[in-house]
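Each chain is listed here by its residues.
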Amino acid sequence: MSIIEEIKKNKIVAVIRKSNEENIVPILKALSDGGVKSVEITAETPNVGRVIETAVNQIGEEVHIGAGTVLDPETARTVIMAGAKFIVSPTLNTETLKLTNRYGILNIPGVMTPSEILTAYENGAQMVKVFPADVLGPTYIKNILGPLPHVQAMVTGGITIENMNEYLAKGSVAVGIGSNLVNASKLKTKEDYRDLTERASQYTRKLTELER
Ligand SMILES: O=C[C@H](O)COP(=O)(O)O
């Protein structure tokens, strides 16, 4: 299955900020045990290339590992060389899209307006990150899909267990969840990691309500 299909199947992409080479593997295992199988490790993380490399080498195919907060082509190349399977940005940079398309890597640029969404697609995007989603609301997605039905939107920013399914019901194909799911710098004890697995399970269980 292609990475875009995996993301659409799993629906949740965990946004991991402030991880490091020591905690990234236990974080990914805890998320995976809770059913969250796609993650973005954000690029402002110190030594992000080494963190991604560690994650990819030790986790293998169990989790789909991408890089987030990729602002420019230079960073995109660094994370791709480290093994990132997809990249996500808060902004739209057409040079970054050109680079990721050169390497055949899925790029999910950040967009807010209909014109930005269209510019992303004109430059080869296959999915966009609608950000920050909470200032736009779930109905925004439904409105966008009227004139732009081919758009695949992953909403990010302020997504919670309470509002997640509403965005998906309005046509989002995936949700990116950061602070409400994982706070890497606060994870210290075994219990913290157990709690992370439990929180991830609650999110994945919540998704099943959509199918009912
Ligand atoms: O770029 C993604 C955001 O940092 C995630 O936002 P969030 O923490 O509100 O989920």
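In the annotation of an unreviewed UniProt entry, the entry for the protein reads 2-dehydro-3-deoxyphosphogluconate aldolase, and the organism field reads Oceanobacillus caeni. Per UniProt, the protein carries the Sequence similarities (unreviewed entry) text "Belongs to the KHG/KDPG aldolase family."

A. Just the overall build of the protein, in detail. A count of helical and extended segments in the protein gives 10 helices and nine strands. For the protein, whose C-alpha radius of gyration is 16 Å, the value lies close to the compact-globule estimate of 17 Å for 212 residues. Referenced to the eigenvectors of the C-alpha coordinate spread, the extents of the protein come out at roughly 50 × 40 × 30 Å. When each of the 212 residues of the protein is scored for burial, the buried share is 54%. Taking all contacts inside the protein whose residues are at least 6 apart in sequence as the whole, residues at least 24 apart take part in 58%. A total of about 9,600 Å² of accessible surface is found on the protein, and carbon and sulfur atoms cover 49% of it.

B. Structural detail: the pairing of strand β2 (residues 38-42). Most of β2 sits out of view: five of its five residues are buried. Both faces of β2 are covered, namely the face carrying Ser 38, Glu 40 and Thr 42 and the face carrying Val 39 and Ile 41. Pairing analysis gives four bridges linking strand β1 (residues 12-16) to β2, with the strands arranged parallel. Residue Val 15 lies in a different strand from β2, and its bridge partner there is Glu 40. Assessed by its sense of winding, the connection that carries the chain from β1 through helix α2 (residues 24-33) to β2 is right-handed. Here β2 pairs with strand β3 (residues 64-68) via five bridges, running parallel. Note that in β3 the partner of Thr 42 across the bridge is Gly 68. Following the chain from β2 across helix α3 (residues 48-59) to the adjacent parallel β3, one finds a crossover that is right-handed.

C. Highlighting the packing of α2 against α3. With their axes 9 Å apart at the nearest point, α2 and α3 run at an angle of 50 degrees to one another. Classified by the angle their axes make, α2 and α3 are oblique. By crossing handedness, the relation of α2 to α3 is classed as right-handed. Along its contact with α2, which presents Ile 24, Val 25, Leu 28 and Lys 29, the element α3 presents Val 51, Thr 54, Ala 55, Gln 58 and Ile 59. Of the residues in the contact of α2 with α3, the class split is six nonpolar, two polar and one charged.

D. Examining the side chain of Asn 107 more closely. When you line up the elements, Asn 107 lands in strand β5 (residues 106-108). The contacts of Asn 107, once residues within four sequence positions are left out, are Ile 87, Ser 89, Thr 96, Leu 97, Thr 100, Ala 125 and Met 127.

E. Here's a closer look at the pattern of salt bridges. On inspection of all chains with the given rule, the structure shows five salt bridges. Glu 44 serves as the salt-bridge partner of Arg 17, at 3.0 Å between the closest nitrogen and oxygen. Of this pair, Arg 17 sits in the loop between β1 and α2 while Glu 44 is found in the loop between β2 and α3, placing the two residues 27 residues apart along the sequence. Owing to a relative accessible area of 38%, Arg 17 belongs among the partly exposed residues under this scheme. Residue class for Glu 44 comes out partly exposed when judged on its relative accessible area of 43%. In this structure, Lys 98 and Glu 95 form a salt bridge, with 3.5 Å as the shortest nitrogen-oxygen distance. One end of the pair, Lys 98, and the other, Glu 95, are both in helix α5 (residues 94-102), three residues apart, so they sit about a helical turn from each other. Exposure remark for Lys 98: the relative accessible area of 48% places this residue in the partly exposed category.

Reading guide: rules and limits
- Counting of residues starts from 1 at the beginning of each chain's written sequence and follows it residue by residue.
- This being a predicted model, a pLDDT of at least 70 is required before a residue's local features are given, and a value of 80 or more before pairs of side-chain atoms are given or counted; all residues contribute to the totals for chains, interfaces and linings.
- Hydrogens and waters are ignored; side-chain quantities use all the structure's heavy atoms.
- UniProt positions are given in the numbering used here, feature names are shortened, and annotations may be inferred rather than shown by experiment.
- For helices the rule is a DSSP run of H or I covering at least 4 residues; for strands it is a run of E covering at least 2, with both sets numbered from the N terminus onward.
- Only the C-alpha atoms count toward the radius of gyration. The rule for a globule is 2.2 Å times the residue count to the power 0.38.
- Here the term buried applies to any residue with accessible area under 20% of the maximum for its type, exposed to any over 50%, and partly exposed to those in between, with areas from a 1.4 Å probe on protein chains only.
- For this analysis, residues touch if any pair of their heavy atoms sits within 4.5 Å.
- Only the protein chains shown count as cover for residues, with accessible areas throughout obtained via the Shrake-Rupley method and a probe of 1.4 Å.
- The rule for pairing is simple: two strands pair if DSSP sees at least two bridges between them.
- The crossover handedness rule: strands pointing away from the viewer, path from first strand over the helix to second strand clockwise, crossover right-handed.
- Only the contacting stretch of a helix is used when fitting its axis, a line to C-alpha atoms as for every element, and angles between N-to-C directions run 0 to 180 degrees.
- Oblique is the label for any angle not covered by the other classes, which are roughly parallel (under 35 degrees), roughly antiparallel (over 145) and roughly perpendicular (65 to 115).
- Should the near helix be turned counterclockwise from the far one by less than a right angle, the crossing is left-handed, whereas a clockwise turn marks it as right-handed.
- The classification used treats Ala, Val, Leu, Ile, Met, Phe, Trp, Tyr, Cys and Pro as nonpolar, Asp, Glu, Lys and Arg as charged, and all other residues, Gly among them, as polar.
- One side-chain nitrogen of Lys or Arg within 4 Å of one carboxyl oxygen of Asp or Glu is enough to make a salt bridge.

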